[in-house]
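What the coordinates show
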Amino acid sequence: MCGIVGIVGHSPVAPLIVDALKRLEYRGYDSAGVATIEHGALARRRAEGKLINLERRLTADPLDGTIGIGHTRWATHGVPNETNAHPHFSDDVAIVHNGIIENFAELRSELEKDGYVFSSQTDTEVVAHLVSRELRRGARPVDAAFRALKQLRGAFALAIMFKGDDDLIVGARNGPPLAVGHGEGEMFLGSDAIALAPFTDSITYLEDGDWAVIRRNNIQIFDMSGEPVERLRRQSIGTSFLVDKGNHRHFMHKEIHEQPEVISHTLGHYVDFTNGTAKALDLPWDFAKVDRLAISACGTAYLAGLVGKYWFERLARLPVDIDVASEFRYREMPISKNSAALFVSQSGETADTLASLRYCRGEGVPIGAIVNVRESTMAREADVILPTLAGPEIGVASTKAFTCQLSVMASLAIRAGVARGHIAKGEEQVLVRQLAEAARLATQVIKLEDQIEKVARDLAHSRDVLYLGRDTNYPLALEGALKLKELSYIHAEGYAAGELKHGPIALIDENMPVVVIAPHDRIFEKTVSNMQEVAARGGKIILITDERGAANSTLETLDTIVLPDMPEIIAPILYALPVQMLAYHTAVFMGTDVDQPRNLAKSVTVE
Ligand code: F6R
């Protein structure tokens, strides 16, 4: 998290840096800052809160200078205020940082003993003082930076600028991504290529352990032993346009409404609607031969993987191990050479998911990455990229990326089922035709928005909400609760409906709304029994079902949201929509910041 930018340019850089930071605001929005070398001296402007506050500060008090660094922060060490905002200074050094310096406490006490006075609570400030100490010890700027880097443990992407040299930025990467942009007589550094898109599309991605000496007319890249290394320079496909909200009040609303189109694009990439087949992709494993599939991801992407588990096991009889990536990476899971591994991520940068991918790489397992950002680190490190064609997702809460992840997973599961001989030709055609219905039905589901908005009006008064579902609706119950929590800050829990009586039923009283996700499927009746248990204890049921489910449920509900009847395979994709709309409208009624909820960031590049 946090976005960083550096420019060694030939015109005033502060406005360009702010422009680049706007593209990086998805990485954090607790505070922001810019530093330049102005008339030979380090100068900076910083502001607490969103980037707009920094812009106002710069309008009132502009910064001159043709070299500069900038930062948008997601706080790790120290509260999000102006003092803790980057860039941090120490004597002649200015620094911006994304990541966590794990040995910062010991470095800090060592530096304090050497007389350094800290003005912030951040881990980053130690890096500035370390570089400055090396300068004081007589090192030249580049050597001082290198010596300081060697003392750091943890995850970092850094940009370092020196007062005495307005033709030098040192960048370094160990963990979080960092891209160098090549210009004509000017050079750029940024957390991703999109940030640099208006300036250049000629990009070199630093690899872990790389550090770069960036000057107007050349770039040198080294590894941590100080040896020069060659890194590919490539043409970025990043768009230079800042995506706008169109006629929508929030990005999230726009992204919910884009789903019929992006689901259709994504499915079209993986299945052949004309022939009724799941496409044979160029995969580094053979579905017929693998005996296990490991899936790992975080948050909403993990829940897409959880739905995938039901599909792979049911349609392809392929056993799936699934873990949240923060557990997967450390649990030393034995994984056989006959396995394949799938990692799911919108950003393709989530630190824990990336670490899990690297664990599997170390175990020699073929790796697929279901990612939305095609130039991300996961996309580059996987054996095969399985793209979601969702387009840029700006709202911090994932919506269209989730349903596109589900679309990829459903198609892959069908493909696996065919390859493993569990789906016959005729069945494949039926399933693919059913997938073809998803986009049309999504348009119909979105038309329920007015009703869902009314339900949300009531939900906004709740203190706690329970979500229940069985089978593939269980991950959706978890997703519903996650969305409601993160957007409206109302406490919510998702449970497997059958698990209710093993504890959570104690919470039920007349103040507890219970959202039940229950299409009329094989186990609808079981879920109805669980609803009876809720009703018997005064719980208020909001039932999300289909026409058959509504006709067959004898229960009194507070509200019933009725989706069209649909084939089972596409139900998880379509039932995600009311769940998203419910959370969205509840948050709007609560007046929270829907696109940038408190404490969150779109790309989580720290553990
Ligand atoms: C929730 C949400 C997060 C992300 C998670 C993983 O709405 O968006 O839970 O799903 O942080 O992010 P990616 O998919 O970028 O790896």
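This next bit is on the overall build of the protein chain. Helix and strand content of the protein chain: 20 helices and 26 strands. Computed over C-alpha atoms, the radius of gyration of the protein chain comes to 26 Å, within 12% of the 25 Å expected from 2.2 N^0.38 for 607 residues, which places it in the range of a compact globule. Expressed along its principal axes, the backbone C-alpha trace of the protein chain runs to roughly 80 × 50 × 45 Å. Taking the contacts inside the protein chain whose residues are at least 6 apart along the sequence as the reference set, 71% of them involve residues at least 24 apart. Surface exposure of the protein chain reaches about 22700 Å², of which carbon and sulfur atoms provide 48%.

With that settled, consider the sheet that holds strand 22 (residues 464-469). On the basis of which strands lie adjacent, the open sheet formed by five strands has the order 23-22-24-25-26 and parallel pairing. The two strands at the open ends of the sheet, each matched to only one other strand, are strand 23 (491-496) and strand 26 (559-563). Strand-to-strand twist across the sheet, computed as the mean angle between neighbouring axes with direction ignored, equals 15 degrees. Note that strand 24 (residues 513-517) and strand 25 (residues 540-546) share five bridges and pair parallel. Paired with Val514 across the bridge in strand 25 is Ile541. In the packing of helix 16 (residues 449-459) onto the sheet, contacts are made with strand 22, strand 24, strand 25 and strand 26, and the angle to strand 26 comes to roughly 150 degrees. In the packing of helix 18 (residues 524-536) onto the sheet, the strands contacted are strand 22, strand 24 and strand 25, and the crossing angle to strand 25 comes to about 165 degrees.

A full pass over the atoms with the stated rule returns seven aromatic pairs. Ring centres of Phe328 and Tyr359 lie 6.1 Å apart, and the angle between their planes is 85 degrees; on these two criteria the pair is classed as edge-to-face. Residue Phe328 is located in helix 10 (residues 325-328), and its partner Tyr359 is located in helix 11 (residues 351-362); the two are separated by 31 residues in the primary sequence. Chaining the aromatic ring pairs together yields one cluster made of Phe146, Trp211 and Phe222. Between the NZ or CZ atom of Arg380 and the centre of the ring of Tyr205, over which it lies, the distance is 3.9 Å. Taking the ring centre of Tyr489 as reference, the NZ or CZ of Arg598 above it sits at 3.8 Å.

This brings us to the nonpolar core. Counting 88 residues, the largest nonpolar core has Phe287, Trp311, Phe312, Leu342, Leu386 and Tyr467 as its most contacted members. Per-element tally for this core: the top contributor is helix 20 (residues 571-590), with 12 residues. Shared between two domains, this core takes at least three residues from each, and those domains are domain 2 (254-436) and domain 3 (443-590).

Criteria and cut-off values
- Residues numbered from 1 in each chain as written.
- Predicted model: local features only at pLDDT ≥ 70, side-chain atom pairs only at ≥ 80, totals over all residues.
- Heavy atoms only, no water.
- Helix = DSSP H or I, 4+ residues; strand = E, 2+ residues; numbered from the N terminus.
- Rg over C-alpha atoms; globule rule 2.2 N^0.38 Å.
- Contact = heavy atoms within 4.5 Å.
- Areas by Shrake-Rupley, 256 points an atom, 1.4 Å probe, with all protein chains shown as cover.
- Pairing = 2+ DSSP bridges.
- Axes fitted to C-alpha atoms, helices over the stretch in contact; angles between N-to-C directions.
- Phe/Tyr/Trp six-rings, centres within 6.5 Å; stacked < 30°, edge-to-face > 60°.
- Lys NZ or Arg CZ within 6 Å of the ring centre and 35° of its normal.
- Core = buried A, V, L, I, M, F, W, Y, C linked by side-chain atoms within 4.5 Å.
- Buried < 20%, exposed > 50% of the residue type's maximum accessible area, 1.4 Å probe, protein only.
- Domains from an automatic or database assignment.

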